[in-house]
Amino acid sequence: MTTVELRLLANRYHGTAWGRHVNEGVPEWPPSPYRLVRALYDAWKRKRPHLAESAVLEVLRALADTPPSFRLPKAAASHTRSYLSSNTTDPSDKRLIFDAFVAIPKNNRCFIEWPAELTEGQKRTLTELLEALNYLGRSESWVEARLADGCTGGLLDFDPAERADGSGELMSVACPVPEREYQGPGKWLDALTYSTTQMLKEKRTAPPAMQNVNYVAPRNAVVTWIGSRRPAGGKEVTGVVLAFSGKVLPLGTEAIWVAERMREALMALWSRYNPDKPVPPVLHGKDDLGRPEKEHRHLFILPQIERFGRNAGRITRVLLHSAEGLNTGVLQTILRLRRLHWSEEPVWCAVSWRGNREDRAFRRRTTVVESTTPFVTSRHWRRGRGTLEQFLAAEVRRECRNHRLPEPVSVQAIGKPAGRWQCIQFRRSRRGEPPLPGYAFRVVFPEEVPVPFSLGSACHFGLGQFDRV
């Protein structure tokens with residue numbers, strides 16, 4: 001038994017079967033032995049020319065002698081559509097081109113098994129040829145190939161109909177014609193390089209060294225539609241990142257209004273898709289009796305201001321997280337948010353990450369933080385609470401305790417939040433409410449804390465955000 005293992009590096013296989021036009025959007029699966037043998041021939045001519053023709057001929061002859069069996073993971077067929085230039089003077093003259101492919105789960109391997117036994121010399125030759133392969137099919141199908149001792153379990157069997165044991169779907173696979181059966185023009189080895197141009201010129205219906213072999217494949221081995229994966233709920237998904245795109249992105253000074261608009265959009269989406277269910281407390285921030293949540297268990301909506309680059313000073317993404325977790329219904333509502341109406345141009349939204357809010361990919365760790373949006377106190381300063389500076393520092397410390405953060409080592413007022421604006425330039429209240437004073441601080445903690453986090457009034461809407469320096 002000779003087994004070749006194929007590892008698809010991008011978890012995709014791009015190829016069009018013989019007899020199909022590329023714009024039919026039908027991908028080849030499994031990878032045809034005829035294509036593999038031609039790829040090995042190409043690897044010999046371009047990358048391993050030192051190999052003797054007789055040695056290569058022995059290997060290709062052995063692989064072409066009997067149709068192989070396949071051991072493959074379940075695959076999903078899909079395609080992309082691109083409008084490519086027709087190379088004319090008219091820049092709008094473009095053609096729609098389909099790129100069909102199959103996608104397989106990550107970290108899976110494909111195995112091709114031939115009944116033939118190779119000698120040690122033939123194995124060395126085949127190993128060199130396989131190592132020279134960097135793609136199979138179209139150039140997007142990056143591949144690593146090697147000789148294997150056997151295949152792993154849990155894969156689907158694709159066997160020639162004459163050797164298949166069970167029932168399934170009948171499919172046609174392109175295989176090379178064995179040398180002993182070849183009756184075409186020229187040598188069999190040269191016939192493996194037969195091109196489409198030659199086939200059309202000679203008015204043939206198929207290359208002379210190719211034959212279609214019937215295989216039996218398991219039912220639904222290749223699907224064209226994948227049901228939506230059930231999102232993890234409860235404690236598993238507690239954070240989501242929404243990326244923004246659009247002609248004009250909101251300014252960082254509008255953070256609280258952006259968060260408020262997003263909350264309204266999420267509640268509207270919930271009501272549209274769940275008309276018989278009340279909006280959950282994690283979205284609207286109130287308990288079953290209509291009282292505001294006090295333990296900060298509901299959703300934090302934290303617009304993030306880009307500090308550098310083309311979009312410096314504008315909101316490019318929003319972090320949403322909750323200590324309660326985002327159950328299936330809430331997460332689906334967030335995933336459904338596609339755009340946010342803002343000014344005259346909409347802002348388009350897309351989920352770029354989701355997972356646990358303690359994940360360092362979501363929130364980094366640091367011991368020194370500075371304000372990125374103004375901190376607004378939830379209480380008023382009055383006599384008996386010390387000076388204004390002492391009162392504000394005490395408020396920051398109190399808020400840290402309320403949010404279960406460690407007691408700060410120091411709290412120092414700074415001139416303005418990190419960025420280009422003074423506190424007074426930010427929106428510091430929700431719509432319909434009078435603006436409140438805002439302040440900026442530099443806070444040092446005795447241990448690392450996850451950032452960004454937010455404190456104070458309207459902290460669930462992006463005010464009072466702190467991030468690392």
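So, how was this worked out
Residues numbered from 1 in each chain as written. Predicted model: local features only at pLDDT ≥ 70, side-chain atom pairs only at ≥ 80, totals over all residues. Heavy atoms only, no water. 1 Å grid on protein atoms, 1.4 Å probe; cavity = no way out; pocket = protein on both sides within 12 Å on 5 of 7 lines; lining within 4 Å. Points joined across faces, edges and corners; volume = space filled by probe spheres on them. Helix = DSSP H or I, 4+ residues; strand = E, 2+ residues; numbered from the N terminus. Buried < 20%, exposed > 50% of the residue type's maximum accessible area, 1.4 Å probe, protein only. Arc of directions from axis to C-beta. Contact = heavy atoms within 4.5 Å. Polar contact = N/O pair within 3.5 Å; in protein donor to acceptor, adjacent residues only side chain to side chain. Axes fitted to C-alpha atoms, helices over the stretch in contact; angles between N-to-C directions. Parallel < 35°, antiparallel > 145°, perpendicular 65-115°, else oblique. Core = buried A, V, L, I, M, F, W, Y, C linked by side-chain atoms within 4.5 Å. Pairing = 2+ DSSP bridges. Salt bridge = Lys/Arg side-chain N within 4 Å of Asp/Glu carboxyl O. Phe/Tyr/Trp six-rings, centres within 6.5 Å; stacked < 30°, edge-to-face > 60°.

Q: Just to check I follow, could you spell out the layout of surface pockets for this structure?
A: In this approach the atoms are scanned with a rolling probe the size of a water molecule, which exposes any empty space left behind. Empty space within the largest pocket amounts to approximately 910 Å³. Surrounding the largest pocket, 40 residues form its lining, Ser 378, Gly 456, Ser 457, Ala 458 and Cys 459 being those nearest its centre. Broken down by secondary-structure element, the contributors of at least two residues to the lining of the largest pocket are α6 (255–273), α7 (281–284) and α9 (388–402). It is α9 that provides the largest number of residues to the lining of the largest pocket, a total of six residues.

Q: Please explain helix α8 (residues 328–336) as it appears in this structure.
A: Residues that lie three or four places apart on an α-helix share one face, since the helix turns once every 3.6 residues. Of all the positions in α8, only Val 330, Leu 331, Thr 333 and Ile 334 are classed as buried. For α8, the angular spread of the buried residues around the axis is 155°, confining them to a single face. On its buried face, α8 sits against β12 (239–245), α6, α7 and β16 (347–355). The residue sitting at the N-terminus of α8 and contributing the capping side-chain oxygen is Asn 327; that oxygen lies 3.2 Å from the backbone nitrogen of Gly 329.

Q: Where do I start with the packing of helix α1 (residues 33–47) against helix α2 (residues 53–65) in this structure?
A: The description of two packed helices rests on the angle between their axes and on the distance between the axes. Close contact between α1 and α2 brings their axes to 11 Å; oriented N to C, the two are set at 170°. Here α1 is positioned roughly antiparallel relative to α2, judged by the angle of their axes. Across the interface between the two elements, Val 37, Leu 40, Tyr 41 and Trp 44 of α1 pack against Glu 53, Val 56, Leu 60 and Leu 63 of α2.

Q: For this particular structure, what's the right way to read the nonpolar core?
A: Within soluble globular proteins, side chains that are nonpolar tend to cluster in buried spots. One finds Leu 6, Trp 29, Leu 40, Leu 60, Leu 126, Leu 133 and Phe 158 to be the most contacted residues of the largest nonpolar core, which totals 52 residues. The residues touching Leu 126, leaving out its near neighbours within four places in the chain, are Thr 2, Val 4, Leu 40, Val 59, Leu 63, Leu 118 and Leu 147.

Q: Mind showing me how you'd approach the sheet that holds strand β11 (residues 222–223) here?
A: Within a beta sheet, neighbouring strands are joined by backbone hydrogen bonds and run either parallel or antiparallel to one another. Reading across from one edge, β2-β5-β4-β11 is the order of the four strands in this open sheet, with mixed pairing throughout. Lying at the two open borders of the sheet, with one neighbouring strand each, are β2 (12–14) and β11. Pairing of strand β4 (residues 75–85) with strand β5 (residues 94–103), which is carried by 10 bridges, proceeds in the antiparallel orientation. Opposite Leu 84, over in β5, you have Arg 95 as the bridge partner.

Q: Can you help me understand unusual backbone geometry in this one?
A: It is generally the case that most residues other than glycine have a negative phi and that most peptide bonds are trans. The omega torsion of the bond from Trp 29 to Pro 30 falls at 5°, within 30 degrees of zero and hence cis. Along the chain, Pro 30 falls in the loop between β2 and α1. Cis geometry is adopted by the peptide bond preceding Pro 452, which originates at Val 451 and carries an omega value of 5°. Secondary-structure assignment places Pro 452 in the loop between β19 (440–451) and β20 (453–454). A positive phi angle is found at Lys 203, which is not glycine, with a value near 55°. Along the polypeptide, Lys 203 turns up in the loop between α5 (196–201) and β10 (210–217). The residue Arg 404 is not glycine, and still its phi comes out positive at about 60°. Along the chain, the position of Arg 404 falls in the loop between α9 and β18 (410–414). For Arg 404, a relative accessible area of 60% puts it in the exposed group.

Q: Looking at this structure, how should I read the sheet that holds strand β7 (residues 143–148)?
A: Taken together, the seven strands give an open sheet; going across it, the order is β7-β1-β6-β3-β8-β10-β9, and neighbouring strands pair in antiparallel fashion. Looking at strand neighbours, the two that pair on one side only are β7 and β9 (169–176), the edges of this open sheet. When the angles between neighbouring strand axes are averaged without regard to direction, this sheet yields 25°. With eight bridges joining them, β9 and β10 adopt antiparallel strand pairing. Paired with Glu 169 across the two strands is Ala 217, which belongs to β10. Contacts between α1 and the sheet are confined to β3 (69–72), β6 (110–114), β9 and β10, with β9 contributing the most and set at about 25° to the helix.

Q: Any chance you could explain the packing of α1 against helix α3 (residues 120–131) here in plain terms?
A: Viewed as axis vectors pointing N to C, α1 and α3 meet at an angle of 85°, and their least axial separation amounts to 9 Å. In terms of orientation, α1 and α3 fall into the roughly perpendicular class. Of the residues in α3, those touching α1 at Leu 40, Ala 43 and Trp 44 are Leu 126, Leu 129 and Leu 130.

Q: Looking at this model, I keep getting lost on the pattern of salt bridges. Mind explaining?
A: For side chains bearing opposite charge, pairing can occur when the charged atoms are close. Scanning the model with the defined rule gives 31 salt bridges in all. With its nearest N and O atoms 3.8 Å apart, the salt bridge here joins Glu 181 to Arg 180. Among the ionic pairs, Glu 407 bridges to Arg 397, the shortest N-O distance being 3.3 Å. One end of the pair, Glu 407, is in the loop between α9 and β18; the other, Arg 397, is in helix α9, with 10 residues separating them in the sequence. Classification of Glu 407 by relative accessible area gives partly exposed; the value is 38%. Through salt bridges with shared partners, a single network forms among Arg 71, Glu 113, Asp 157 and Asp 159.

Q: Explain the side chain of Thr 316 here, please?
A: Inspection of the secondary structure puts Thr 316 in strand β14 (residues 315–321). Accessibility expressed as a relative area gives 13% for Thr 316, which makes it buried. Ignoring anything within four residues of it in the chain, the contact list for Thr 316 reads Leu 242, Ala 243, Phe 244, Leu 249, Gln 304, Glu 306 and Asn 311.

Q: I tried to follow the packing of aromatic side chains on my own but got confused; where do I start?
A: In this description, an aromatic ring pair is defined by two values, namely the gap between the centres and the angle between the planes. For the structure on display, the rule yields nine aromatic pairs. Summarising the aromatic geometry, the rings of Tyr 13 and Trp 29 are spaced 5.9 Å apart at their centres and angled 55° between planes, so their arrangement reads as tilted. With a gap of 16 residues between them, Tyr 13 in strand β2 and Trp 29 in the loop between β2 and α1 connect regions that are remote in the sequence. One aromatic cluster in this structure is built from Phe 445, Phe 453 and Phe 466.

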